[in-house]
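Read off the chains here:
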Amino acid sequence: MTQAVKKLPRIEINEKFCKGCSICVDFCPTDVLELRGPVVAVKNLEACTRCQLCDLRCPDFAIQVFD
Amino acid sequence: MSTIAEKKEKVSVPFDYNKYLRPNKLPHIWCPGCGHGIVLKALLRAIDRAGLEKDNICMVSGIGCSSRTPGYVDFNTLHTLHGRAMAFATGVKLAKPELKVIVITGDGDALAIGGNHFIHACRRNIDMTVLVMTNSTYGMTGGQYSPTTPLDAIATTSRYGNIEPPFDACEMARASGATFVARGTAYHTIELERTIHDALVHKGTSIVDVIDACPTYFGRANKYKSATHMMELIEKDGTVNVKQAEKLPPEKLEGKVLRGVLHKVERPEYCEQYENLIMQKAAAKK
């Protein structure tokens, strides 16, 4: 039996809305995100635990985590 | 046949904010790191949880950063005079009592310029939910000190420190007769969602004082490093839940602000009283 491949979440970032306040980067418990220039980007998707803290605390409606 | 991995898979769909927003008005004008956006999201989730219809909500605001909120949401909205949001909301509620009236104001808007409207709306106990977004500054006009700016804080109008003692919006609301008084912060966003939901389902004047951060004016002037730094120091470390506070010794509560539902009583609601009076008088005339 083959081992099931770990399914990765999908993090959607709306770069037009992101203002680069770095709230999501600082509050991410597993350090998934980073600031790349003026907007946020995904650095290490495999570490994401789908806790949704970035989504909950983003003031700009710019980030959402899909399963 | 489905595998174990497939069975374990939980489907968590993120909240669809677009359902309640006017997407063509976004991105909003608030500064990077401003807490108002977080509060707006908590409010939208609370509205969804309370099962309110979009067309049955009327959102009223005054002037200020926080009062830009109705521009972004797809409800019946009213952007009115500085400090007078609650006066307009009273009018809306009396004319159409079936509407759910939500007032969004800032601390300067509600407590300084609209102080009297705030007190008298609480006194009448008219059914509306009021969100006072307390960021301790007048952000839109350049960072002047407001009625909730802490002592010794720096603002553009208090360069050597503020000497005016701040207001406690919750204490004032309670003393004025509001039947639901609560406090939340933008940092504790899930708790805030729950608090706003409780405020929305309560019949009578519900005041929710929401502490959020203004990194641009208050933060820069008072040497906070970033929006996150402000959220951690002011909102996380500066507040304690009212239920936790009961178990803590008094010395640990020094300088802390209580959050959660602080006061809840039942009292006759204004529109109902008004309706009853009319019906009584009409019946007596026949």
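Presented here is a report on the structure given in the accompanying data block. Quick caveat: nothing in here was measured; it's all calculated off a predicted structure.

1. Concerning the overall build of chain A
Right, on to step 1. When helices and strands are counted, chain A shows 2 helices and 4 strands.
Right, on to step 2. Counting from the amino terminus, chain A carries its helices and strands in the arrangement β-α-β-β-α-β.
Right, on to step 3. Dimensions of chain A along its principal axes, counting C-alpha atoms only, are 45 × 20 × 15 Å.
Right, on to step 4. In chain A, which comprises 67 residues, the proportion classed as buried is 46%.

2. Some words on the interface of chain A and chain B
Right, on to step 1. Each side of the interface is counted separately: chain A has 22 residues, and chain B has 32 residues.
Right, on to step 2. Here chain A and chain B share an interface that buries about 2,300 Å² over both sides, 64% of which is from carbon and sulfur atoms.
Right, on to step 3. On the chain A side of the interface with chain B, the three residues burying the most area are K19(A), L56(A) and F61(A), jointly 30% of the side's total.
Right, on to step 4. Counting the contacts that link chain A with chain B gives 1 salt bridge.
Right, on to step 5. A salt bridge links K41(B) to D55(A); the shortest N-O distance between them is 3.6 Å.
Right, on to step 6. The set of elements that each furnish at least two residues to the side of chain A that touches chain B consists of α1 (23–27), α2 (53–57) and β4 (63–66) of chain A.
Right, on to step 7. Considering only residue class, the side of chain A that touches chain B consists of 11 nonpolar, 3 polar and 8 charged.

3. So, the sheet that holds strand β1 (residues 57–61) of chain B
The pairing of strands in a sheet comes from backbone hydrogen bonds and takes either a parallel or an antiparallel form.
All names here are of chain B.
Right, on to step 1. Strand order in the open sheet made by the 8 strands is β2-β1-β3-β4-β8-β7-β10-β9, with mixed pairing throughout. Only two strands of the sheet have a single partner each, and these edge strands are β2 (76–79) and β9 (239–241). With strand direction ignored, the average angle separating the axes of adjacent strands in the sheet is 20°.
Right, on to step 2. Where strand β3 (residues 100–106) lies against strand β4 (residues 128–134), 5 bridges are found, and the strand directions are parallel. Note on β4: the bridge partner recorded for T105 is V132.
Right, on to step 3. Along the sheet, helix α2 (residues 36–50) contacts β1, β3, β4 and β8 (205–211); its crossing angle with β4, the most-contacted strand, is approximately 160°.
Right, on to step 4. Relative to strand β7 (residues 180–185), helix α7 (residues 189–201) is tilted by about 160°, and along the sheet it contacts β3, β4, β7, β8, β9 and β10 (257–264).

4. Section: the packing of aromatic side chains
Right, on to step 1. Taken as a whole and assessed by the stated rule, the structure comprises 8 aromatic pairs over all chains.
Right, on to step 2. For the pair F27(A) and Y187(B), a centre-to-centre distance of 5.5 Å together with 65° between the ring planes defines the contact as edge-to-face. With one member in each of two chains, F27(A) in helix α1 and Y187(B) in the loop between β7 and α7 form a pair that bridges those chains.
Right, on to step 3. With relative accessibility at 12%, the residue Y187(B) sits in the buried group.
Right, on to step 4. Ring centres of F61(A) and Y17(B) lie 5.5 Å apart, and the angle between their planes is 75°; this geometry places the pair in the edge-to-face category. In this pair, F61(A) is assigned in the loop between α2 and β4 and Y17(B) in the loop between α1 (4–8) and α2, connecting two distinct chains. Neither F61(A) nor Y17(B) differs from the other in exposure class; each is buried.
Right, on to step 5. Cluster of aromatic residues (ring-pair linked, three or more members): F61(A), F15(B), Y17(B), Y20(B) and F75(B).
Right, on to step 6. Positioned over the ring face of F27(A) is R57(A), at 4.5 Å from the centre of the ring.

Parameters and conventions
Residues numbered from 1 in each chain as written. Chains lettered and ligands numbered in written order. Predicted model: local features only at pLDDT ≥ 70, side-chain atom pairs only at ≥ 80, totals over all residues. Heavy atoms only, no water. Helix = DSSP H or I, 4+ residues; strand = E, 2+ residues; numbered from the N terminus. Buried < 20%, exposed > 50% of the residue type's maximum accessible area, 1.4 Å probe, protein only. Contact = heavy atoms within 4.5 Å. Buried area = accessible area lost by both parts, 1.4 Å probe. Salt bridge = Lys/Arg side-chain N within 4 Å of Asp/Glu carboxyl O. Nonpolar A, V, L, I, M, F, W, Y, C, P; charged D, E, K, R; others polar. Pairing = 2+ DSSP bridges. Axes fitted to C-alpha atoms, helices over the stretch in contact; angles between N-to-C directions. Phe/Tyr/Trp six-rings, centres within 6.5 Å; stacked < 30°, edge-to-face > 60°. Lys NZ or Arg CZ within 6 Å of the ring centre and 35° of its normal.

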